[in-house]
Amino acid sequence: MPIATVNPANGETIKNYDALSEEEIERRLATAESTFRTYRTSSFDERARLLRRAAGLLDEDTERVARVMTTEMGKPVRQARAEAAKCAKAMRWYADHAAELLADEEPDESDVKDSGALRVLVRYRPLGPVLAVMPWNFPLWQVIRFAAPALMAGNVGLLKHASNVPQTALYLEDLFHRAGFPEGCFQTLLIGSGAVEGVLRDPRVRAATLTGSEPAGRSVASAAGDEVKKTVLELGGSDPYIVMPSADIDRAARIAVIARVQNTGQSCIAAKRFIVHTDVFDAFTEGFTEGMKALKVGDPMEEETDVGPLSSKQGRRDLEELVVDAVESGATVLCGGVRAEGPGWYYPPTVLTDVTPEMRVHHEEAFGPVATLYRVADLDEAVAVANDSPFGLSSNVWTRDGTEVERFVRDLEAGSVYVNGMTASHPAFPFGGAKRSGYGRELSGHGIREFCNITTVWHGA
């Protein structure tokens, strides 16, 4: 895949970029290693000062970088601005909390004495250069949620971004440079996917994190495992959105629309499978379908646009094939289902019902504004349908029954359970999945400790 900015709203190639030469990759790896040796000794106060400066610069750049993101991958510009603001918030959160999250820990005194020590402490030390392989769908946020904690922990970052968002990738390197981080603290590698393994296997790279597809995750995990290197993977999701009779059905239907089409439906944590109790199925379906029909599809640079184009022609083709397969196998289309003719890679908000396990969309992730509806008889069936997926990223449940809430929290196979609300990431809460949605956690204290050498320090007499 070429490294290029291609506007998905019209298919126009705006700019092509040359991949880095082997010599330049080597220079950047050497710089990362050299910088780490000194940056690792910097204080939390100094790192926080630099990160807050980066957040301030991002605030100033919001309009410019939002339009870059929209041009490169098609998200509505209002959502792009919100993404930039969220990134600044996360940087400030880690600047404020990293020292506390990584403070030395002292075990129980009785255990210290039992070990024969005078004192024992646990210290979190940085690992070194970390390779981040990041996707295009949240081209700022996916990177910042890795970079902010990694830099505050004393690591340095190497970014291999998606090939269709090179301008955003280069902006991120420039942002940290302008903020005053030492050269080599955060570098963008404009390389193709074929060059990732060589970088990952380089002994100067100590760990890797990837957000992306399951095949990409398997590839990175395999190479990293062969080299015995730590990885964190956040892969696909096909999140359930369960609605029970005690829920506020009108509100559940309104929020369901947002949960499905945020980022034009191109979000791993977007609700995709709507599992509704039979007693409220018709009422929910009516409200949800009408909400999907009312969405404005159009130019993502226009303020009133709700749904922009998909990021690529291939992405639209993949989504369309899932819908065609479902319809040919007996699914009913309640709205959408046929792409409009014309320029750009648009696909209409679509609702499918009568979905069965034989259909591809039942097991595969629909990465776009396509929702599947399931009618269930009771809580047990709702859990069974929700867990009948290879993925386990997040989940949403709508109920006012406390007993039902406890059952869902106990039984749903997912990294998060959101009750009476839609899934959203926040820097203070751990984020990650189960099953084929990956392993490890980002954000919160759990995320910042993922790329630390957790060191026991034992003091004898």
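Placed above this text is the structure.
Residues numbered from 1 in each chain as written. Predicted model: local features only at pLDDT ≥ 70, side-chain atom pairs only at ≥ 80, totals over all residues. Heavy atoms only, no water.

### As for the packing of aromatic side chains
(1) Moving on: In the structure shown here, the tally under the stated rule is eleven aromatic pairs.
(2) Moving on: Summarising the aromatic geometry, the rings of F176 and F181 are spaced 5.5 Å apart at their centres and angled 80° between planes, so their arrangement reads as edge-to-face. Each member of the pair, F176 together with F181, is buried.
(3) Moving on: Consider the rings of F176 and F186, whose centres lie 4.8 Å apart with planes at 45°: the pair is tilted. Of this pair, F176 sits in helix α6 (residues 166-179) while F186 sits in strand β6 (residues 186-188), and the two are ten residues apart along the sequence.
(4) Moving on: Judged by its relative accessible area of 1%, F176 falls in the buried class. (Phe/Tyr/Trp six-rings, centres within 6.5 Å; stacked < 30°, edge-to-face > 60°. Buried < 20%, exposed > 50% of the residue type's maximum accessible area, 1.4 Å probe, protein only. Helix = DSSP H or I, 4+ residues; strand = E, 2+ residues; numbered from the N terminus.)

### Digging into the side chain of N263
(1) Moving on: Tracing the chain through its elements places N263 in the loop between α9 (249-261) and β10 (271-277).
(2) Moving on: Taking the relative accessible area as the measure of exposure, N263 reaches 1% and is therefore buried.
(3) Moving on: Among residues more than four places away in sequence, those in contact with N263 are M73, K75, Q79, N137 and F138. (Contact = heavy atoms within 4.5 Å.)

### Considerations on the sheet that holds strand β7 (residues 207-211)
(1) Moving on: With respect to topology, six strands assemble into an open sheet ordered β6-β5-β4-β7-β8-β18, the strand pairing being mixed. Of all the strands in the sheet, the pair left with one neighbour each is β6 and β18 (438-439).
(2) Moving on: Note that strand β4 (residues 129-133) and β7 share four bridges and pair parallel. Directly across from A132, in β7, lies its bridge partner T209. (Pairing = 2+ DSSP bridges.)

### So, the nonpolar core
(1) Moving on: Counting 81 residues, the largest nonpolar core has L58, M91 and F176 as the members making the most contacts within it.
(2) Moving on: Ranked by residue count, the leading element in this core is helix α3 (residues 77-101), at twelve residues. (Core = buried A, V, L, I, M, F, W, Y, C linked by side-chain atoms within 4.5 Å.)

### Section: the pattern of salt bridges
(1) Moving on: Tallied over the entire structure, the rule returns 40 salt bridges.
(2) Moving on: Where D59 meets R92, a salt bridge forms, and the shortest distance between an N and an O atom there is 2.6 Å. Here the residue D59 occupies a position in helix α2 (residues 44-73), and R92 occupies one in helix α3, the gap between them amounting to 33 residues.
(3) Moving on: For R92, a relative accessible area of 31% puts it in the partly exposed group.
(4) Moving on: With a shortest N-O distance of 2.7 Å, D411 and R410 are connected by a salt bridge.
(5) Moving on: Taking the relative accessible area as the measure of exposure, R410 reaches 60% and is therefore exposed.
(6) Moving on: Bridged by salt links that share partners, the residues E24, R27, R28, E173 and E183 form one connected network. (Salt bridge = Lys/Arg side-chain N within 4 Å of Asp/Glu carboxyl O.)

### Points about the environment of R78
(1) Moving on: As for its position among the elements, R78 is in helix α3.
(2) Moving on: When the C-alpha positions of R78 and R67 are compared, they lie 9.5 Å apart, and in sequence the two are eleven residues distant.
(3) Moving on: Beyond its immediate stretch of four places on either side in the chain, R78 contacts E303, E304, T305 and D306.
(4) Moving on: From its side chain, R78 meets the backbone oxygen of T305 in a polar contact 2.8 Å long. (Polar contact = N/O pair within 3.5 Å; in protein donor to acceptor, adjacent residues only side chain to side chain.)

### As for the layout of surface pockets
(1) Moving on: One number sums up the size of the second largest pocket: a volume of about 420 Å³.
(2) Moving on: If you go around the second largest pocket, you meet 21 residues; those closest to its centre are E83, K86, F138, Q262 and S425.
(3) Moving on: Looking at the lining of the second largest pocket, the elements that each hand over two or more residues are α3 and α5 (141-152).
(4) Moving on: The dominant element in the lining of the second largest pocket, judged by the number of residues it contributes, is α3, at four residues.
(5) Moving on: Taken together, the residues that form the lining of the second largest pocket break down as eight nonpolar, eight polar and five charged. (1 Å grid on protein atoms, 1.4 Å probe; cavity = no way out; pocket = protein on both sides within 12 Å on 5 of 7 lines; lining within 4 Å. Points joined across faces, edges and corners; volume = space filled by probe spheres on them. Nonpolar A, V, L, I, M, F, W, Y, C, P; charged D, E, K, R; others polar.)

### Some words on the pairing of strand β13 (residues 370-376)
(1) Moving on: Taking burial as the measure, the seven residues of β13 include six buried ones, the bulk of the element.
(2) Moving on: Bridge analysis of β10 against β13 gives five bridges, and the strand direction is parallel. Within the sheet, the bridge partner assigned to R273 lies in β13 and is T372.
(3) Moving on: In the sheet, strand β12 (residues 350-353) pairs with β13 via three bridges, with the strands oriented parallel. Looking across to β13, one finds that T350 is bridged to V370.

### So, the pairing of β7
(1) Moving on: By the criterion of burial, β7 is predominantly enclosed, with five of the five residues buried.
(2) Moving on: Note that the unit made of β7, helix α8 (residues 214-226) and strand β8 (residues 230-234) has a crossover that is right-handed. (Right-handed = clockwise from strand over helix to strand, strands pointing away.)

### Some details on α2
(1) Moving on: Over its 30 residues, α2 runs only 35 Å from end to end, short of the ideal 44 Å by more than 12%, given 1.5 Å per residue.
(2) Moving on: Approximately 70° is the largest bend angle found in α2, and it occurs at D61.
(3) Moving on: Just beyond α2, the residue with positive phi is G74, at close to 90°. (Expected span 1.5 Å × (residues − 1). Bend = angle between axes of the 7 residues up to and from the residue.)

### Points about helix α11 (residues 313-328)
(1) Moving on: Under the 1.5 Å per step criterion, the end-to-end length of α11 is 22 Å for 16 residues, consistent within 8% with the ideal 22 Å.
(2) Moving on: Inspection of α11 places R316, L319, L322, V323 and A326 among the buried residues, and these make up the whole buried set. Buried residues of α11 fall within an arc of 125° about the axis and therefore sit on the same side.
(3) Moving on: Here the buried face of α11 lies against β12, α12 (360-363) and β13.
(4) Moving on: One or two positions beyond α11, positive phi appears at G330, with a value near 115°. (Arc of directions from axis to C-beta.)

### So, the sheet that holds strand β9 (residues 239-243)
(1) Moving on: With mixed pairing, the seven strands of this open sheet are ordered in space as β11-β12-β13-β10-β9-β15-β16. Of all the strands in the sheet, just β11 (332-335) and β16 (418-419) have a single pairing partner and so form its edges.
(2) Moving on: Bridge count for strand β15 (residues 396-398) against β16 is two bridges, and the pairing is parallel. Pairing of N396 across the sheet is with Y418, part of β16.
(3) Moving on: Sheet strands in contact with α9 are β9, β10, β13 and β15, and its direction is about 170° off that of β9. (Axes fitted to C-alpha atoms, helices over the stretch in contact; angles between N-to-C directions.)

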